[in-house]
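Structural overview
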Amino acid sequence: MSKILIIDDEPQIRRFLQIGLTAQGYVILEAETGRQGLALAAEDAPDLIILDMGLPDLDGQVVLKKLRDFFHKPIIVLSVRNRESEIVQALDVGANDYVVKPFGIQELIARIRGLIKAFGPSVESVQRFQDERVLIDLEERKLTVDGEVAKLSRKEFELLKRLINNAGRLVTQQQLLREIWGGTHVEDTHYLRIFIARLRTKLGDDPSNPRYIETEPGVGYRFLPIVEN
Amino acid sequence: MTTEQVLRKFAYPIGIMFPWLLTPIAFLITDYLPKANVPLLYIVMVVFIAINVTVELAIINALSSFFAFSFFFAEPYGSIMIHQDEDLLTILVFLLTSVIVGYMATKHKHNVQKIRMREFMTDIELELLERLPKAIDTKDVIAAMRDALKPWHENCVLITHDDNWATHPMIRRLTNLRKTYLEELLELRLTPEVIAKIPQLEQEHDVYFLYSSRQVIGLLRIAAENIQHIPKDIFLLLLHQVNISLERTRLAADLEKEKIAKENELLRSALLSSVSHDFRTPLTTMIGATSTVIEFGDYLDKQQTRELLNTVLEEAQRLNRYTQNLLDMTRLGFGQLQLECNWVSVEEIMSVVKKRLKPLLIFNYLTENINPNLPSLYVHAALLEQAIFNVIDNAIKFSPKNASIDIDCTKENDKIVIAISDQGTGIPEDEREKVFERFHTAEKGDRRRSGSGLGLTICQGMIMAHGGNVSIHANPKRVGDKTNPGCCVRIELPITSQPEQQELPKSAE
């Protein structure tokens, strides 16, 4: 049974999360302040943390940094809209995903499920993805669309591989640029955009009705289908 | 030294010597030039000197000519004595003529100077009179005056608050001006006695003051030496015009301030009434629905309960959108909209907008026509999404059931155009500007539809913050339809030159 730690100062929010997540079979721990949250995270080793960025005692970014000193499981941050820079910063510091307040429970559950599975005990690297149109074989480095094999350059493949390995989850621009092009290219987002556009064309994915690759402008990308192993 | 300076310095020696150079030459050609013509040559010299130097030197030159003539042309030759009566008469007439002509020439010169000066002043005045009515504020007026006085910069100086009054050399030289008055004036300590003294000060010291609402804001000082050349009446007229303009601009500024205060007041009351209505309506539903579930939960079947709870969710989301609108509106109003731009494609923006619109697209649907070759946009994505969302949200409110809302994105010259057309009741031409005003709604009072009247205002604000433009037009596809002509909202965004169009370096492949 997975343990989730909720760090949020609003009692009503903790209450409805507790009811909803318990009904889904999770065990819930609650903390009201950043310090309490850090203590509980250290003592009880939850499997996932939901962290509100607007805490009364410590700034959310500070709590996040301190958590990442010892906690290496997924963290979802709750943020207010129009604070993209805050979200991007949180993702850089180590958060895995974010949800914007106010949010519906389904959105949060979807994120939680994907992340717990990805960080779960029996995690293997994804090797394949297949649906009725597309077959992506990461081992063979092959992409087949509607029966035709499409060639992928080395970097295109690296990009697709990372998105699929994090299927359903957000991958930041910075992480992709750093890992594929190197630390000096972290600002060259146009490289990424060009390559994503190429992948979309090869996958036959319409960017305004994306089925495979979704853009979160200014933040990163998500491979939409949840890939089962 | 320039030729002019040389001539000026040696004017007197030259003036005296010249006849002694000219006359011998005349003497040598006396066979072709009878001696009676020589005085005529002298007259030319005299007039020249009278006009260009002084009348005194002209007379001295005349005398020198007199002696030269008697030396070379009158018997006994080689002496300045004159024996012949004829010659004496000639030269005396010459002297007399010289004096008269010299004075006339000088007088004429002064008159011409005066007329030129008047013309000059009138030109300046005309220029000033043209510029003054266009001046918007005090700065404009002072600038106009400074420009008008530029040709005079040697003779007069305009000192305003921005300059350092106390240390200006012109001020320091005003030793005649009673020190106390000067200080009071400069520090604007305008007591009634000082104000009463101003005309007298002006007269005594040729210092002129520029006022604005009984405050001295400038001081004009004319160098006394040149005062005789300045037609004083025109000058004072000029000054008067400037002072009138200063008064006018100040009144205009006060009027503007009052207008803004009034507008703010109107806005505040509109905001209060909007919040009151637009918060209370969803809250009424929410409180009503949830209290019903709590009180009568046992008597309701599962579907009814679910329906009520769905209503609560919808109304809460509506409240959320409204709150967001208000926040956006406030940020726009305070100029706190900081753009964090990123490169996005139109398709990516539309994908997010469509996701957010899903719960609202119950009776209507969207059609999309995006030109596949559009360049990417360099925008703050969340703001553009909100702007487009607001327009479509509006379109949905006014569209009949089963009507589509059409989105067309194209490139026109150097702009990207996103056109959103609906089949609703349309917006009459005279209202197409007004709909962008804050809190403008189609119906007033309790009967008005669920709209805060802020959506289009915010859309316009956000698009304009990107250097773009929003406008409303008739729906071109439904021109004939009178009941549901619909309308078309055009969002235009400038195209930023992008690094993407450049070649990817080989190293990036």
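Position numbers for residues count from 1 along each chain, tracking the sequence in the order it is written. Each chain is given a letter, starting from A, and each ligand a number, starting from 1, according to the order in which they appear as written. With pLDDT at 70 or above as the cut-off, local features in this predicted model cover only qualifying residues; side-chain atom pairs require 80 or more to be listed or tallied, and sums for whole chains, interfaces and linings still use all residues.

Things to note about the overall build of chain A
Helix and strand definitions here come from DSSP, where helices need a minimum of 4 consecutive H or I residues and strands a minimum of 2 consecutive E residues; each element is numbered from the N-terminal end. Helices and strands together make up the secondary structure of chain A, namely 8 helices and 12 strands. Field definition: a residue is buried when 20 or more other C-beta atoms are found within 10 Å of its C-beta, exposed when 12 or fewer are, and partly exposed for counts in between, with C-beta atoms placed from the backbone. Each of the 229 residues in chain A was classed as buried or not, and the buried ones make up 33%. For chain A, the proportion of contacts with a sequence separation of at least 24, taken over those separated by at least 6, is 55%. Throughout, a pair of residues is in contact if the C-beta atoms placed from their backbones lie within 7 Å.

Things to note about the overall build of chain B
Assigned secondary structure in chain B consists of 14 helices and 10 strands. Each of the 509 residues in chain B was classed as buried or not, and the buried ones make up 27%. Look at the contacts in chain B between residues 6 or more apart in sequence, and 67% of them connect residues 24 or more apart.

A short note on the interface of chain B and chain A
Of the residues lining the interface, 20 residues belong to chain B; the matching set on chain A comes to 20 residues. Counting residues per element, the ones that place at least two in the side of chain B that touches chain A are α11 (302-333), β4 (342-344), α12 (346-357), β5 (365-370) and α13 (381-398) of chain B. Among the elements that take part in the side of chain B that touches chain A, α12(B) stands out by supplying 4 residues, more than any other. Each residue gets one label: Ala, Val, Leu, Ile, Met, Phe, Trp, Tyr, Cys and Pro are nonpolar, Asp, Glu, Lys and Arg are charged, and the others, such as Gly, are polar. Taken together, the residues that form the side of chain B that touches chain A break down as 9 nonpolar, 5 polar and 6 charged.

Looking at the sheet that holds strand β3 (residues 48-52) of chain A
Residue and element names in this part refer to chain A. Think of it this way: DSSP has to see at least two bridges between two strands before they count as a pair. The 5 strands lie next to each other as β2-β1-β3-β4-β5, forming an open sheet whose pairing is parallel. For this open sheet the edge positions go to β2 (27-31) and β5 (97-101), each flanked by a neighbour on one side alone. The average angle at which neighbouring strand axes cross in this sheet is 20 degrees, direction not considered. Interaxial angle, 0 to 180 degrees, is taken between N-to-C directions of lines fitted to C-alpha atoms, where a helix line uses only the stretch in contact. The strands touched by helix α3 (residues 60-70) within the sheet are β3 and β4 (75-80), with β3 carrying the most contacts at an inclination of about 160 degrees.

Here we look at the sheet that holds strand β7 (residues 134-137) of chain A
All names here are of chain A. Read from one edge of the open sheet, 4 strands run β6-β7-β8-β9, paired in antiparallel fashion. Two strands lie at the open edges of the sheet, namely β6 (128-130) and β9 (148-150), each paired on one side alone. Strand-to-strand, the axes of this sheet are offset by a mean angle of 15 degrees, without reference to chain direction.

Quick look at helix α3 (residues 38-52) of chain B
Residue and element names in this part refer to chain B. To estimate the expected span of a helix, subtract one from its residue number and multiply by 1.5 Å. Between its first and last C-alpha atoms α3 spans 22 Å; for 15 residues at 1.5 Å apiece the expected length is 21 Å, and the two agree. All of the buried residues in α3 are V38, P39, Y42, V46, I49 and A50. All buried residues of α3 lie within an arc of 105 degrees about the axis, which places them on one face of the element. Turned more than 90 degrees off the buried face of α3, the exposed positions are L40 and V44. Check the buried side of α3 and you find it contacts α2 (11-28), α4 (55-72) and α5 (85-131). When we speak of the arc, we mean the arc of directions from the helix axis to the C-beta atoms.

Some remarks on α13(B)
For α13(B), which comprises 18 residues, the first-to-last C-alpha distance of 26 Å matches the rise-based estimate of 26 Å (1.5 Å per residue) to within 8%. Among the 18 residues of α13(B), 15 are classified as buried, and the element is accordingly described as predominantly covered.

Re the pairing of strand β7 (residues 404-412) of chain B
Residue and element names in this part refer to chain B. Where β5 lies against β7, 6 bridges are found, and the strand directions are parallel. Paired with N369 across the two strands is D408, which belongs to β7. Both β7 and strand β8 (residues 415-421) contribute to a ladder of 7 bridges, which runs antiparallel. Bridge pairing in β8 places D408 opposite A419. Here β7 folds back onto β8, and the loop between the two strands holds 2 residues, one of which, N413, carries a positive phi near 50 degrees.

Focus on the nonpolar core
I349(B), A387(B), I388(B) and I420(B) are the most contacted members of the largest nonpolar core, which has 40 residues in total. If one sorts the elements of this core by residue count, α13(B) sits on top with 10 residues. Excluding anything up to four places from it in sequence, I349(B) contacts V344(B), A381(B), L384(B), E385(B) and I388(B). Each nonpolar core reported here comprises buried Ala, Val, Leu, Ile, Met, Phe, Trp, Tyr and Cys residues connected via C-beta atoms within 7 Å. In this structure, L5(A), V63(A), L67(A) and A90(A) belong to the second largest nonpolar core, which totals 30 residues.

With respect to the pairing of β2(A)
Pairing of strand β1 (residues 3-7) of chain A with β2(A), which is carried by 5 bridges, proceeds in the parallel orientation. Paired with I4(A) across the strands is I28(A), a residue of β2(A).

Digging into the packing of α3(B) against α4(B)
The description of two packed helices rests on the angle between their axes and on the distance between the axes. Residue and element names in this part refer to chain B. It is at 8 Å that the axes of α3 and α4 come closest, and there the two elements cross at 160 degrees. On the basis of their axis angle, the class for α3 and α4 is roughly antiparallel. Helix-helix and strand crossings are classified by hand; for α3 and α4 the assignment is right-handed. Note on element contacts: α4 touches α3 through V55, L57, A58, N61, A62, S65 and F69, opposite V38, Y42, M45, V46, I49 and A50. Class assignment of the residues belonging to the contact of α3 with α4 gives a composition of 11 nonpolar, 2 polar and no charged. For classification, angles of less than 35 degrees are called roughly parallel, those exceeding 145 degrees roughly antiparallel, those between 65 and 115 degrees roughly perpendicular, and all remaining angles oblique. Note on convention: the crossing is left-handed when the near helix lies turned anticlockwise from the far helix by less than a right angle, right-handed when the turn is clockwise.

Quick notes on the environment of T284(B)
Tracing the sequence through the fold places T284(B) in helix α10 (residues 232-296). For T284(B) and E315(B), which are 31 residues apart along the polypeptide, the C-alpha to C-alpha distance reads 9.4 Å.

Quick word on the environment of T54(B)
On the secondary structure map, T54(B) appears in the loop between α3 and α4. When the C-alpha positions of T54(B) and G102(B) are compared, they lie 8.9 Å apart, and in sequence the two are 48 residues distant.

Considerations on the packing of α5(B) against helix α6 (residues 138-149) of chain B
Residues and elements named next belong to chain B. Across the interface, α5 lies against α6 with an axial gap of 10 Å and an inter-helix angle of 160 degrees. By the angle between their directions, the pair α5 and α6 is classed as roughly antiparallel. In the crossing of α5 with α6, the sense of the turn from one axis to the other is right-handed. For the pair formed by α5 and α6, the contact residues are I124, E127, L128 and R131 on the first element and A144, M145 and A148 on the second. Within the contact of α5 with α6, the residues separate by chemical class into 5 nonpolar, no polar and 2 charged.

Focus on unusual backbone geometry
Following K101(A), the chain continues to P102(A) via a peptide bond in cis, the omega torsion being -5 degrees. With respect to the helices and strands, P102(A) occurs in the loop between β5 and α5 (105-118). Backbone geometry at A45(A) places phi at a positive 40 degrees, although glycine is not the residue there. Summarising the element assignment, A45(A) is placed in the loop between α2 (34-44) and β3. One non-glycine residue, N413(B), lies in the positive phi region at around 50 degrees. Structurally, N413(B) can be placed in the loop between β7 and β8. A residue is classified by how many C-beta atoms lie within 10 Å of it, and N413(B), with 7 of them, is exposed.

With respect to the confidence of the model for chain B
Residue and element names in this part refer to chain B. Averaged over chain B, the pLDDT score is 79; the fraction of residues at 70 or greater is 81%. The pLDDT value expresses, per residue, how confident the predictor is, ranging between 0 and 100. At the low end of the mean pLDDT range in chain B sits helix α8 (residues 179-186), at 57; at the high end sits β8, at 94. The ipTM for the predicted assembly is 0.74, set against a pTM of 0.60.

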